[in-house]
Structures are given as C-alpha cells and as structure tokens.
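Reading the structure
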Amino acid sequence: MTVQHFIYRRVFNLEDANELTTDVFRAAWSTLQAGRQVDIAWLIVTAKNLIQNLHPGSGRALKLAEQMKDSANQDGQASSGGICSEVADVLDKLRERDREVLILAYWDGLRGDDLAKVLGCTAASATSRLTKARQAFAQIAPAHLVQHFPGSESTHGTKEV
C-alpha cells in the first residue's frame with residue numbers, strides 16, 4: 001500500500017491526492033527532523049487527518065460511501081464478475097465503524113499495531129473490532145461472497161477461508 005493510494009481511495013481526485021500526499025511527507029520530514037519516528041501507521045493517521053480537513057462536514061461520509069461504491073462497481077466490471085460491486089453493497093449497509101476497520105484491513109492492508117494506531121486503540125481492541133466487523137459482514141453478505149472474504153465467519157454455513 002502506498003500513502004497516495006490510501007488518500008486517492010478516499011478523495012477520488014488525483015490532484016487532491018497528490019497534494020495531500022506531499023503534505024503528509026512534508027509533515028513526516030519535519031517529524032523525522034525533530035527526532036521522532038515515522039512509520040506507516042503515522043503516515044496513514046496523518047493522511048486521515050488531512051483528508052478530514054479537506055472534506056469537513058457531515059455529508060462527507062455519505063459522499064465517500066457513494067464514491068467507494070461507484071469505484072467498486074467499476075473495478076467489479078473490470079474483474080471478478082461483479083464481486084467488488086457486491087462487496088461495496090454490503091459495506092454500504094454496515095455501520096461506519098465496521099466499514100472503516102474492514103477497509104483499513106483489506107483495502108489498505110493494515111494489521112496488528114499499525115491497524116491499532118490508525119484506529120486509535122490497542123492492538124487487542126483493533127483485533128476485536130476487526131473480528132466483529134467480519135462477523136457483521138458475514139451476517140448480511142450472500143454466502144458466495146463470504147467465501148471471498150478471508151476471516152469471515154459465516155452464518156450461511158460457509159467455511160472460513
């Protein structure tokens with residue numbers, strides 16, 4: 001995962017993504033110059049904060065969900081026979097909290113301490129949130145989708161992958 005891809009998947013505008021990526025790395029450089037450490041979680045948290053500053057307001061989450069769904073629909077048409085579109089539909093039905101942890105874990109590839117830092121919680125809490133989000137996904141997803149979603153425990157009798 002690159003920071004720019006993380007940002008782009010949230011702002012859906014290449015110019016904004018490039019500008020925000022530059023801002024993230026400018027902040028990282030300053031942080032390093034001050035003698036503090038920078039890791040992927042620090043970069044992602046900084047990116048999230050900058051994105052929130054770029055798109056303030058309560059309508060941002062709704063707009064982002066719609067853009068994510070459109071993006072997944074386009075990806076789904078190009079590959080995997082629409083599975084991406086179906087995943088986007090299920091994600092759209094989840095609570096924001098569950099959707100966020102699933103996107104961070106599966107689209108952005110964050111795990112363990114990095115996931116915990118981005119979520120602002122302990123590693124144990126992040127693992128618990130991810131498990132609960134997987135279960136919520138499995139509760140409402142069609143059985144054939146759960147097979148493609150590693151770690152989901154299905155109520156449809158599908159074995160965990």
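Residues numbered from 1 in each chain as written. Predicted model: local features only at pLDDT ≥ 70, side-chain atom pairs only at ≥ 80, totals over all residues. Heavy atoms only, no water.

According to the stated counting rule, one finds one aromatic pair in the structure shown. Judged by centre distance (6.2 Å) and plane angle (55°), the rings of Tyr8 and Phe12 are tilted. Residue Tyr8 is classed as partly exposed on the basis of its relative accessible area, which comes to 36%. For Phe12, a relative accessible area of 23% puts it in the partly exposed group. For Arg111, the ring lying beneath its charged end belongs to Tyr106, and the centroid distance is 5.1 Å. (Phe/Tyr/Trp six-rings, centres within 6.5 Å; stacked < 30°, edge-to-face > 60°. Buried < 20%, exposed > 50% of the residue type's maximum accessible area, 1.4 Å probe, protein only. Lys NZ or Arg CZ within 6 Å of the ring centre and 35° of its normal.)

Below, the discussion takes up the nonpolar core. The biggest cluster of nonpolar side chains holds 35 residues, and the ones touching the most others in it are Ile7, Leu102, Leu115 and Phe137. Those elements that provide at least two residues to this core are helix H1 (3-11), helix H2 (14-33), helix H3 (40-54), helix H5 (83-93), helix H6 (96-107), helix H7 (112-119), helix H8 (123-140) and helix H9 (143-146). Each residue touching Ile7, except ones within four places of it in the same chain, is listed here: Ala17, Leu20, Thr21, Val24, Ala47 and Ile51. (Core = buried A, V, L, I, M, F, W, Y, C linked by side-chain atoms within 4.5 Å. Helix = DSSP H or I, 4+ residues; strand = E, 2+ residues; numbered from the N terminus. Contact = heavy atoms within 4.5 Å.)

Another point: the environment of Gln4. One can find Gln4 in helix H1. For the pair Gln4 and Leu14, spaced 10 residues apart in sequence, the C-alpha separation works out to 9.0 Å. The residues contacting Gln4, other than those within four sequence positions of it, are Leu14, Ala17, Asn18 and Thr21.

So, on to the environment of Ala28. Take Ala28: it is sitting in helix H2. With 15 residues separating them along the chain, Ala28 and Leu43 place their C-alpha atoms 7.2 Å apart. Once you skip the residues sitting within four places of it in the chain, Ala28 turns out to touch Val38, Trp42 and Leu43.

Its place among the elements puts Arg129 in helix H8. Among the residues examined, Arg129 registers a relative accessible area of 13% and is labelled buried. When near neighbours in sequence (up to four residues on either side) are disregarded, Arg129 contacts Arg97, Glu100, Val101 and Leu119.

Another aspect to go through is the pattern of salt bridges. Summed over all chains, the structure comprises eight salt bridges. Here Asp108 and Arg10 are joined by a salt bridge, their closest N and O atoms 2.5 Å apart. With a gap of 98 residues between them, Asp108 in the loop between H6 and H7 and Arg10 in helix H1 connect regions that are remote in the sequence. Take Asp108 and Arg10: they sit in the same class, and that class is buried. Note that Glu100 and Lys48 form a salt bridge whose closest N and O atoms lie 2.6 Å from each other. On the criterion of sequence distance, the pair formed by Glu100 in helix H6 and Lys48 in helix H3 is long-range, its members being 52 residues apart. Salt bridges here are not isolated pairs; linked through shared partners, they connect Arg9, Arg10 and Asp108. (Salt bridge = Lys/Arg side-chain N within 4 Å of Asp/Glu carboxyl O.)

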